[in-house]
Amino acid sequence: MAIRNIREDGDEILKKTAREVDKIDERIQILIDDMIDTMHALNGVGLAAQQVGVLKRIVVIDLYDDKGVLVLINPEIIKEKGTQEVDEGCLSFPNQFAKIIRPKEVEVEALDRNGKKIKVKAKDLLAQAISHEVDHLKGITFVEKIIPGTLQYIEPENK
Ligand code: NI
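Structural notes, computed from the coordinates. In this text the structure is predicted, and so the values were computed from the model without any measurement. (Residues numbered from 1 in each chain as written. Predicted model: local features only at pLDDT ≥ 70, side-chain atom pairs only at ≥ 80, totals over all residues. Heavy atoms only, no water.)

Attention shifts here to the overall build of the protein chain. When its secondary structure is counted, the protein chain shows two helices and six strands. Walking the protein chain from its N terminus toward its C terminus, one meets helices and strands in the order α-β-β-β-β-β-α-β. Over its C-alpha trace the protein chain gives a radius of gyration of 15 Å, about what one expects of a compact globule, namely 15 Å for 159 residues. In terms of its C-alpha atoms, the protein chain occupies a principal-axis envelope of roughly 45 × 35 × 30 Å. Put simply, the protein chain has 159 residues, and 46% of those count as buried. Long-range pairs, those at least 24 residues apart, make up 65% of the contacts in the protein chain between residues at least 6 apart in sequence. Put simply, the protein chain shows about 9,100 Å² of open surface, and 48% of that area lies on carbon and sulfur atoms. (Helix = DSSP H or I, 4+ residues; strand = E, 2+ residues; numbered from the N terminus. Rg over C-alpha atoms; globule rule 2.2 N^0.38 Å. Buried < 20%, exposed > 50% of the residue type's maximum accessible area, 1.4 Å probe, protein only. Contact = heavy atoms within 4.5 Å. Areas by Shrake-Rupley, 256 points an atom, 1.4 Å probe, with all protein chains shown as cover.)

Listed as protein donors to the nickel ion are Cys 90 (SG), His 132 (NE2) and His 136 (NE2); their distances from the metal cover 2.0 to 2.2 Å. Within one chain, the residues serving as donors to the nickel ion are arranged as C-x41-H-x3-H. Of this pair, His 132 and His 136 both sit in helix H2 (residues 124-137), four residues apart, roughly one helical turn. Each member of the pair, His 132 together with His 136, is buried. (Donors = N, O, S within 2.8 Å, 3.2 Å for Na, K, Ca; no water.)

Okay, structure coming up:
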């Protein structure tokens, strides 16, 4: 278990395309555990592997509800339905928030961390999170989708 450094705005890795995971080995399990720890330490709802500097198609998502952490390996969005206008931020763009358009519902196929094929039907916040994280794997960040004029810089409150 370890918290890894988050790659931030300006880091070229955020614009690269992640590669398929072909073998879910011990290194991948450690990576997934570290991604979960890092996401939780920063109170994030999702994290893609390239945000911790690894170009592999892995995302973790936690909405802090009763469903626990969702781990998606090699995720593919196979269906999108409708749209929603949402407020969004990203751990790689600290203090930046904006309105963007996401699909209202998505269906994603992936492997879970045991290598089992799963299909997740998601709507609202979970659909937003899956869309955001799968975008990361394609080198797309939310700042490219901002509705003009809605970007805000919000400094964290001093603790
Ligand atoms: Ni992000």
